[in-house]
Amino acid sequence: SQQGEEDPQALSIQEGENATMNCSYKTSINNLQWYRQNSGRGLVHLILIRSNEREKHSGRLRVTLDTSKKSSSLLITASRAADTASYFCATARQPTGGGNKLTFGTGTQLKVEL
Amino acid sequence: DAGVTQSPTHLIKTRGQQVTLRCSPKSGHDTVSWYQQALGQGPQFIFQYYEEEERQRGNFPDRFSGHQFPNYSSELNVNALLLGDSALYLCASSRGRGSYEQYFGPGTRLTVT
């Protein structure tokens, strides 16, 4: 089953605008990650934020994490047409015995128009 | 440095048949995980292999089984295919079971008719 929901399900913006997508999850986590997927192909890892971190930056990406609300947001600044893709959040817990299973959200489809 | 590779790219099977999907992990990685992604959904964890043994398993029936070879490559087998098994199957590799940084392959698109 999915860990949680992403909001919005779809987002359409103009090139140069900022895009914000949100992710909510249900259980305690070790970290939360964001992935990009182009045209139903493989996933590309974007950024990882640990449960004891509140904000993280990577290039044009900014991720926030609020563990009290069990939510995260991904901000893409100055968007480009090449950012058009589906974006997924994924949570990781440290289960008994180890392992790094990821539990994904439902995804946000971002379209950046010229 | 080759990333994660998967074969085949696309596959069409008939209900009741069996299928085998293959994955080669990124160089230096020893842990392989498999995910199923239905159309319009996020990936769902099937299972993870480390040291040639299944270490974690998601909520999938026994029709889904796997194997990991000494060179760390892996296979996913699905028996008695159902229409609902149609999906993109993704393989991810990592260095060690505790590493949270996973690298995904391009996936195998399975269509069951």
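Residues numbered from 1 in each chain as written. Chains lettered and ligands numbered in written order. Predicted model: local features only at pLDDT ≥ 70, side-chain atom pairs only at ≥ 80, totals over all residues. Heavy atoms only, no water.

Asks: I keep staring at the pattern of salt bridges and nothing clicks. Help me out?
Replies: When the charged atoms of two side chains lie near each other, side chains of opposite charge can form a pair. All names here are of chain B. Counted according to the given criterion, the structure contains six salt bridges over all chains. As a salt-bridge pair, Glu 54 and Arg 57 come within 3.0 Å of each other at their nearest N and O atoms. Among the residues examined, Glu 54 registers a relative accessible area of 34% and is labelled partly exposed. The exposure class assigned to Arg 57 is partly exposed, which follows from its relative accessible area of 30%. (Salt bridge = Lys/Arg side-chain N within 4 Å of Asp/Glu carboxyl O. Buried < 20%, exposed > 50% of the residue type's maximum accessible area, 1.4 Å probe, protein only.)

Asks: Any chance you could explain the layout of surface pockets here in plain terms?
Replies: Space left empty within the atom packing is revealed by a probe, the size of a water molecule, rolled over the atoms. All names here are of chain A. By volume, the largest pocket is sized at about 400 Å³. When contributions to the lining of the largest pocket are tallied by element, the ones reaching two or more residues are strand E9 (85–92) and strand E11 (108–113). Considering every element that reaches the lining of the largest pocket, the biggest residue donor is E11, with four residues. The class makeup of the residues in the lining of the largest pocket is six nonpolar, 14 polar and two charged. (1 Å grid on protein atoms, 1.4 Å probe; cavity = no way out; pocket = protein on both sides within 12 Å on 5 of 7 lines; lining within 4 Å. Points joined across faces, edges and corners; volume = space filled by probe spheres on them. Helix = DSSP H or I, 4+ residues; strand = E, 2+ residues; numbered from the N terminus. Nonpolar A, V, L, I, M, F, W, Y, C, P; charged D, E, K, R; others polar.)

Asks: Before we go on, may I ask you to explain the interface of chain B and chain A in this structure?
Replies: Often the size quoted for an interface is simply the accessible area lost on bringing the parts together. The partner chain A presents 27 residues to the 25 residues of chain B that form the contact. Here chain B meets chain A over a buried area of about 2,000 Å², counting both sides, of which 45% is carbon and sulfur. Our count for the contact surface shared by chain B and chain A stands at zero salt bridges. Counting only elements with at least two residues in the side of chain B that touches chain A, the list comes to strand E4 (31–37), strand E5 (44–50) and strand E9 (87–94) of chain B. Looking at the side of chain B that touches chain A, its residues break down into eight nonpolar, 15 polar and two charged. (Contact = heavy atoms within 4.5 Å. Buried area = accessible area lost by both parts, 1.4 Å probe.)

Asks: Quick question: what am I supposed to make of the side chain of His 29 of chain B here?
Replies: Residue and element names in this part refer to chain B. Secondary-structure assignment places His 29 in the loop between strand E3 (19–24) and E4. Residue classification places His 29 among the buried positions, given a relative accessible area of 5%. A polar contact of 3.4 Å, which involves the side chain of His 29, links it to the backbone nitrogen of Ser 94. Excluding residues that lie within four positions of it along the chain, His 29 makes contacts with Tyr 72, Ser 93, Ser 94, Arg 95 and Tyr 103. (Polar contact = N/O pair within 3.5 Å; in protein donor to acceptor, adjacent residues only side chain to side chain.)

Asks: Looking at this structure, how should I read the packing of aromatic side chains?
Replies: Aromatic ring pairs: the centre-centre distance and the angle between the two ring planes describe each pair. Scanning the entire structure with this criterion turns up nine aromatic pairs over all chains. Aromatic pair Tyr 35 of chain B and Phe 45 of chain B: ring centres 5.6 Å apart, planes at 70 degrees, arrangement edge-to-face. Here Tyr 35 of chain B, found in strand E4, pairs with Phe 45 of chain B, found in strand E5; they are ten residues apart in sequence, far enough to count as distant. An identical accessibility class is assigned to Tyr 35 of chain B and Phe 45 of chain B; each is buried. Counting every residue linked through ring pairs, the aromatic cluster contains Tyr 35, Phe 88 and Phe 104 of chain A together with Tyr 35, Phe 45 and Phe 104 of chain B. (Phe/Tyr/Trp six-rings, centres within 6.5 Å; stacked < 30°, edge-to-face > 60°.)

Asks: Sorry if this is basic, but what is going on with the environment of Ser 68 of chain A here?
Replies: Residue and element names in this part refer to chain A. Considering the arrangement of structural elements, one finds Ser 68 in the loop between strand E7 (61–66) and strand E8 (71–76). Residues Ser 68 and Asn 52 lie 16 residues apart in sequence; the distance between their C-alpha atoms is 11 Å. Side chain to side chain, Ser 68 and Asp 66 meet in a polar contact 2.5 Å long.

Asks: Please explain the environment of Gln 94 of chain A as it appears in this structure.
Replies: One can find Gln 94 of chain A in the loop between E9 and strand E10 (102–104). Apart from the residues within four sequence positions on either side, Gln 94 of chain A is in contact with Asn 30 and Gly 99 of chain A together with Tyr 100 of chain B.

Asks: Mind showing me how you'd approach the sheet that holds strand E8 (residues 74–78) of chain B here?
Replies: Strand pairing within a sheet occurs via backbone hydrogen bonds; the two strands may be parallel or antiparallel. Residues and elements named next belong to chain B. Spatial ordering of the open sheet is given by E1-E3-E8-E7, a layout of four strands whose pairing is antiparallel. The sheet terminates laterally at strand E1 (5–7) and strand E7 (64–68), the two strands that pair on one side only. Within the sheet, the average angular offset between the axes of one strand and its neighbour, ignoring direction, is 20 degrees. Bridge analysis of E3 against E8 gives five bridges, and the strand direction is antiparallel. (Pairing = 2+ DSSP bridges. Axes fitted to C-alpha atoms, helices over the stretch in contact; angles between N-to-C directions.)

Asks: Got a minute to help me understand the state of the cysteines in this structure?
Replies: What makes a disulfide is a covalent bond joining the sulfur atoms belonging to two cysteines. All names here are of chain B. On inspection of all chains with the given rule, the structure shows two disulfides over all chains. Each disulfide pairs two cysteine sulfurs, and for Cys 23 the partner residue is Cys 91, the sulfurs being separated by 1.8 Å. Taking the sign of the torsion about the S-S bond as the criterion, the disulfide between Cys 23 and Cys 91, at about -55 degrees, is left-handed. Taken together, the residues Cys 23 in strand E3 and Cys 91 in strand E9 connect sequence positions 68 residues apart. (Disulfide = S-S within 2.5 Å.)

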